[in-house]
Amino acid sequence: MLSGRGFPQEAKLDGCTSAEEAAALGFRPQPLPAGHPAGESYSGAAPHLRWNTVQQLPLVGRALRAVFAVRLLRYAFVGGCAALLQICLLALFVELAGMDALAASTLALSISVMVNYGLQHRVTFRSKSKHIVAAPRFVVLTLCTLAANAVVFDSLLTVLPYIAAQILTTGAIFPVNYYLNRTVTFRL
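Here the structure is a predicted model, which is why all the values come from computation and not from measurement.

### Overview of the packing of helix 3 (residues 101–124) against helix 4 (residues 131–157)
The angle between the axes and the distance between the axes are what describe a pair of packed helices.
Step number 1: For the pair helix 3 and helix 4, interaxial distance at closest approach is 10 Å and the crossing angle is 150 degrees. Here helix 3 runs over helix 4; the crossing is right-handed. Each of Ala101, Leu102, Ser105, Thr106, Leu109, Ser110, Val113, Asn116, Tyr117 and His121 in helix 3 lies in contact with helix 4, whose residues at this interface are His131, Ala134, Ala135, Phe138, Thr142, Thr145, Leu146, Asn149, Ala150, Phe153, Asp154 and Leu157.
Step number 2: Tallied by class, the residues present in the contact of helix 3 with helix 4 amount to 12 nonpolar, 9 polar and 1 charged.

### Some thoughts on the environment of Gln120
Step number 1: Structurally, Gln120 is set in helix 3.
Step number 2: The residues contacting Gln120, other than those within four sequence positions of it, are Tyr75, Val78, Gly79, Phe125, Arg126 and Phe186.

### Quick word on the packing of aromatic side chains
Step number 1: Considering all chains together, one arrives at 8 aromatic pairs under this definition.
Step number 2: For the pair Tyr117 and Phe138, a centre-to-centre distance of 4.9 Å together with 55 degrees between the ring planes defines the contact as tilted. In this pair, Tyr117 sits in helix 3 while Phe138 sits in helix 4, placing the two residues 21 residues apart along the sequence. Neither residue differs from the other here; Tyr117 and Phe138 are each classed as buried.
Step number 3: Ring geometry for Phe125 versus Phe186: centroids 4.9 Å apart, planes at 25 degrees, classification stacked. Note that Phe125 is positioned in the loop between helix 3 and helix 4 and Phe186 in the segment after helix 5 (162–185), a separation of 61 residues in sequence. Like Phe186, Phe125 is buried.
Step number 4: An aromatic cluster is built from Tyr75, Tyr117, Phe125, Phe138, Phe174, Tyr178 and Phe186, whose rings are joined through pairwise contacts.

### Quick word on a nonpolar patch on the surface
Step number 1: Residues Val115, Leu119 and Val123 make up a contiguous nonpolar surface patch of roughly 200 Å² in combined accessible area.
Step number 2: Mapped onto the elements, Val115 comes out in helix 3.
Step number 3: When its relative accessible area of 41% is taken as the criterion, Val115 is described as partly exposed.

Reading guide: rules and limits
Residues numbered from 1 in each chain as written. Predicted model: local features only at pLDDT ≥ 70, side-chain atom pairs only at ≥ 80, totals over all residues. Heavy atoms only, no water. Axes fitted to C-alpha atoms, helices over the stretch in contact; angles between N-to-C directions. Helix = DSSP H or I, 4+ residues; strand = E, 2+ residues; numbered from the N terminus. Left-handed = near helix turned anticlockwise from the far one by under 90°. Contact = heavy atoms within 4.5 Å. Nonpolar A, V, L, I, M, F, W, Y, C, P; charged D, E, K, R; others polar. Phe/Tyr/Trp six-rings, centres within 6.5 Å; stacked < 30°, edge-to-face > 60°. Buried < 20%, exposed > 50% of the residue type's maximum accessible area, 1.4 Å probe, protein only. Patch = residues over 30% accessible without salt bridge, like charges linked within 9 Å, V, L, I, M, F, W, Y side chains within 5 Å. Areas by Shrake-Rupley, 256 points an atom, 1.4 Å probe, with all protein chains shown as cover. Salt bridge = Lys/Arg side-chain N within 4 Å of Asp/Glu carboxyl O.

Written out as structure tokens, the structure is:
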């Protein structure tokens, strides 16, 4: 059906009382095809919108926050497993192999990063990126992480035992690492 201005009534947005209000929200009515009888519906009519887009924006925001929170929790779980592996390896290298704590930390991080990459790619980000693209990015990010780990760990080592220094170092690097993996390595 058409209103007096040629505006298909079935295409009215909920809450809009005039064609001008609908146009202000971005709806543009389509003209009737030549020879089409007025007052009859036609296949070219805009579809009836069941919900008001402006009113639903908070729902979209909540959904995005929920997805982000789930991904962040997965990242924290997978990263926590990798961090636990790193701390266990650190203790093993220092206590059993007699390595220097800084060298042991760097070696432990290097090993745990390999496990972390596979799990982050598959579990956390469920990335469609090919390994040939994502892996080099991850390696560059890991080299930056190794450097940051060494600097922060070495500075904390002067005042804390090596396990506590490693836990604090990992906690400090975590948010930056998450952001870079999400935006650079796996590009979501």
